[in-house]
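Examination of the molecular architecture
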Amino acid sequence: MITIDATNMDSRQLNEKIKESIRQGHKEINIINVLGQRFIGNGIQNGGLKITIHGTAGNDLGMFMDGVDIELFGNAQDGVGNTLNSGTICVHGNAGDVVGYAARGGKIFIEKNVGYRVGIHMKEYEENVPIIVVGGSAGSFLGEYMAGGILVVLNIDSPKIMKADAIGTGMHGGKIYIRGDVNVNNIGKEVVILDIDDNDYEILKNILSDYGNKFNFNAVELLKDRFIKLKAISHRPYGNLYAY
Amino acid sequence: MIPALEHIPSGCAAAGIMNKSGVCISGDAIMDMMSVMHSRSNGLGGGFAAYGIYPEIPDYYCLHIMFDNDSAKREVDSLIEENFITERQEKIPTRNIKEIKDPPLLWRYFVLPKPDKLVAKNMDANDFVVRLVMLINTRIPGCYVNSSGKNMGVFKGVGYPEDIGRFFMIEKYSAYIWTAHGRFPTNTPGWWAGAHPFSILDWTVVHNGEISSYGINKRFLETYGYECVLLTDTEVIAYTFDLLVRKHGLPLEIACNVVASKFWKDIELMSEEERKLHTALRMTYGNLLLNGPFAIIVATNNYMMGLNDRIKLRPLVYGKKGDFSYIASEESSIRKIENNLEEVHSLVAGKPLKVEVNKDVCA
């Protein structure tokens, strides 16, 4: 295990130090005093690598990543897991806007609140199904243009009816599960609100047990509360936009 | 890395610090905040606004003016001589550093309008100063007024914010409100007068974003005597708040409902009374809606306010610890100077976050 002190390092220097540590064969990298450095762990293809970060991670944490296990103790900024391919990103704190932007695999677990447009452009392909779980609240444009993947918002310590607006705007695939409820004026016209069925229950049970392990609490218990599901009405909402 | 291919993560940096009991701090803190966000600017603009920096002469307007050459300055000197009582005029102290190349002449004038001029023109002092600023900016080539408020000043130019700060020696000033900006110009040139903050009287604005409604805003403001000649869209925001709040007397929150108006779909769901208010605002001031993504920090002698566009297309974060309030484009820039925050959260789209200085503090 190697420890990197990020004090006074800019994004490029820190990421070069991470890649150098990988070349030296380290399987565990611990980074301390992180303060706004961006793209930490970006583009790394390495199934067995674990990166632990302490501090406030800069934008695009784990962007283009493929297989690494990143754990951040502190808040993250915008773009966590941008275009994530596989691997897990776990944030013990808040995250900013566009978490999981265009993610196509892997898991992103955020302990507390997130900002706007979380899960925007998420997609899936066969067994590559990205999963984003938010413990607290999420902002407007949640799951905008979603084409696949699973997005779960648990609203722990947050209002039962979400304050977000334009939820699921432009959504044409994937599933959004929300613990609590949404006002019908606050969802995009491309989605419909459904109750969860047994299959959804199973999916959520697996996801929440995994999520609970990361933040050591019994997340599966949350399933006794009301969950709703948002799904796209059609997989081609703009199909006739130009054709007619 | 081939320089041309070097990825420049773009996006302008904005930051602000305020102490609500009026305790003044050195410019070092705001410079630290900006250094964390270095990669948000590209060196074509940096600037600072500081409130409370001229306590020994708080009742005079302090004009920070930049000149291309001496002849431009002579013209302004005679204009000021004719219309103002000048308590003091001096070169703004600067430090020669290699990062800041061929700066313009930089002077400041502590002035008050001559009473007889006000009577003759039947204008109050503020309007008179605004008129002078517009006159200098448009009629006298090669000179621009950077700020014209009382007990405050703007220090800006072409360069990274940290270098502009060292050039103007802002560590030597003490202020109870600081705002700062690092520029990544999108569709307008980087030049000395085009750097942020933009200021009129004691209003200052730093802005990360693009105002696509600039043309409409500019035309509307010109009918009220504001001349937009600084080739940067942000300019209209400073004049808009001056017009709405100072001239038309709208409360700040209402003015924010003009620049970031409610959507019609939300107005329809409002109570009768609210619906009337927001419909009237949109009908009367439709030309002052700021369209496009923006995150702005507006400051005056009395408060600092953060505001995002209605659909949150730019980041802006608020942090608090004791009497200090912080606003910045990135949380890490706040944590650089205060990591033990009582409160830290992102601003809500279209909703102003205003922090006021205690009444007994300011001019």
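Keep in mind that this is a model prediction, so the values were computed, not measured.

What counts, and where the lines are drawn
Just so you know, the residues in each chain are numbered from 1, in the order the chain's sequence is written. Lettering for chains starts from A, numbering for ligands starts from 1, and both go in the order in which the items are written. Two thresholds apply to this predicted model, a pLDDT of at least 70 for residue-level local features and 80 or more for giving and counting side-chain atom pairs, whereas whole-chain, interface and lining totals are computed over all residues. Side-chain metrics rest on all non-hydrogen atoms present in the structure, leaving aside hydrogens and water. UniProt positions are given in the numbering used here, feature names are shortened, and annotations may be inferred rather than shown by experiment. Numbering of helices and strands starts at the N terminus; helices are DSSP runs of H or I of at least 4 residues and strands are runs of E of at least 2. Salt bridge, as used here, is a side-chain nitrogen of Lys or Arg placed within 4 Å of a carboxyl oxygen of Asp or Glu. Working definition: with a 1.4 Å probe on protein chains only, accessible area under 20% of the residue-type maximum means buried, over 50% means exposed, and in between means partly exposed. Working rule for contacts: check all heavy atoms of both residues, and any pair within 4.5 Å makes them a contact. When two parts are put together, the accessible area they lose, computed with a 1.4 Å probe and summed over both, is reported as buried area. Within 3.5 Å is the distance limit for a polar contact, defined as a pair of N or O atoms, with the added protein rule that one can donate a hydrogen and the other accept it, and that residues adjacent in sequence qualify only through two side-chain atoms. Ten residues, namely Ala, Val, Leu, Ile, Met, Phe, Trp, Tyr, Cys and Pro, are considered nonpolar, four, namely Asp, Glu, Lys and Arg, are considered charged, and the remaining ones, Gly among them, are considered polar. Each nonpolar core is a collection of buried residues, namely Ala, Val, Leu, Ile, Met, Phe, Trp, Tyr and Cys, held together in the definition by side-chain atoms within 4.5 Å. Two strands are said to pair when DSSP picks up at least two bridges between them. The angle between two axes is taken between their N-to-C directions and runs from 0 to 180 degrees, where each axis is a line fitted to C-alpha atoms and a helix contributes only its stretch in contact. Between the first and last residue of a helix there are one fewer steps than residues, each counted as 1.5 Å, and that sum is the expected span.

**Some words on the UniProt feature "domain: Glutamate synthase alpha subunit C-terminal" (unreviewed entry) in chain A**
The feature "domain: Glutamate synthase alpha subunit C-terminal" (unreviewed entry), as annotated in UniProt, sits at residues 30-194 of chain A in this numbering. In residues 30-194 of chain A, the share of helix is 0% and the share of strand is 33%. The end C-alpha atoms are 43 Å apart.

**Observations regarding the pattern of salt bridges**
Inspection of every chain in the model, using the stated rule, returns 36 salt bridges over all chains. Linking Lys247 of chain B and Asp127 of chain B is a salt bridge whose minimum nitrogen-to-oxygen distance equals 2.9 Å. Pair noted here: Lys247 of chain B is in helix H7 (residues 235-247) and Asp127 of chain B is in helix H4 (residues 125-139), with a separation of 120 residues, a long-range link. A relative accessible area of 41% means that Lys247 of chain B is categorised as partly exposed. Close ionic contact of Arg335 of chain B with Glu331 of chain B constitutes a salt bridge, the shortest N to O distance being 2.7 Å. On the criterion of helical spacing, the pair formed by Arg335 of chain B and Glu331 of chain B is a turn pair, its members being 4 residues apart in helix H11 (residues 331-337). Each member of the pair, Arg335 of chain B as well as Glu331 of chain B, carries the same accessibility label: buried. A single salt-bridge network, built from bridges that share partners, covers Lys50, Asp69, Glu71 and Lys214 of chain A.

**Looking at the interface of chain B and chain A**
The interface of chain B with chain A comprises 22 residues on the first partner and 17 residues on the second. In total, about 1,500 Å² of surface goes out of reach between chain B and chain A, with carbon and sulfur atoms giving 45% of it. Linking chain B with chain A are 2 salt bridges, by the criterion used here. Its salt-bridge partner being Arg38 of chain A, residue Glu330 of chain B comes within 2.6 Å of it at the nearest N-O pair. If you look at where chain B meets chain A, you find 10 residue pairs in polar contact (both at pLDDT 80 or more). In terms of residue count, the dominant contributor to the side of chain B that touches chain A is H11 of chain B (4 residues). Among the residues forming the side of chain B that touches chain A, the class breakdown is 11 nonpolar, 3 polar and 8 charged.

**Concerning the nonpolar core**
As a rule of thumb, nonpolar side chains are buried together in soluble globular proteins. Grouped together as the largest cluster of nonpolar side chains are 99 residues, with contacts concentrated most on Ile30 and Phe241 of chain B. For this core, the element with the highest residue contribution is H7 of chain B, accounting for 8 residues. If sequence neighbours within four positions are ignored, Phe241 of chain B has contacts with Trp203, Arg246, Leu252, Ala255, Cys256, Val259, Ile296, Val298 and Met305 of chain B. Among the nonpolar cores identified, the runner-up in size contains 52 residues, and Ile18, Ile108, Ile132 and Met171 of chain A belong to it.

**A word on the sheet that holds strand E10 (residues 191-195) of chain A**
Where strands meet in a sheet, backbone hydrogen bonds hold them as pairs that are either parallel or antiparallel. Residues and elements named next belong to chain A. Judged by pairing direction, the sheet is mixed, and its 11 strands sit side by side in the order E1-E2-E3-E4-E5-E6-E7-E8-E9-E11-E10 without closing on themselves. Sheet topology places strand E1 (2-5) and E10 at the edges, where each strand pairs with a single neighbour. Along the sheet, successive strands turn relative to each other by an average axial angle of 15 degrees, direction set aside. Relative to strand E8 (residues 147-153), strand E7 (residues 131-134) runs parallel, the two being bridged by 4 bridges. Residue pairing in the sheet places Val134 in a bridge with Val153 of E8.

**Some thoughts on H4 of chain B**
With 15 residues, H4 of chain B ought to run about 21 Å at 1.5 Å a step, and its terminal C-alpha atoms sit 21 Å apart, in line with that. Within H4 of chain B, burial applies to Asp127, Phe128, Val129, Val130, Leu132, Val133, Met134, Ile136 and Asn137 of chain B.

**Things to note about the pairing of strand E3 (residues 50-56) of chain A**
All names here are of chain A. Pairing analysis gives 6 bridges linking strand E2 (residues 28-35) to E3, with the strands arranged parallel. Looking across to E3, one finds that Leu35 is bridged to Thr56. Where E3 lies against strand E4 (residues 66-73), 5 bridges are found, and the strand directions are parallel. From the neighbouring strand, Thr52 faces E4, where its bridge partner is Glu71.

**A few points about the environment of Leu154 of chain A**
With respect to the helices and strands, Leu154 of chain A occurs in the loop between E8 and strand E9 (173-179). Spatially, the C-alpha atoms of Leu154 of chain A and Glu111 of chain A are 9.8 Å apart, while their sequence positions differ by 43 residues.

**Some points on the UniProt feature "active site" (unreviewed entry) in chain B**
Residue and element names in this part refer to chain B. Annotation from UniProt places "active site" (unreviewed entry) at Cys12. Looking at where Cys12 falls in the secondary structure, it is placed in the segment before strand E1 (13-19). For Cys12, a relative accessible area of 7% gives the class buried. Apart from residues no more than four positions distant in its own chain, Cys12 is found in contact with Arg40, His181, Gly182, Arg183, Phe184, His207, Asn208 and Ser329.

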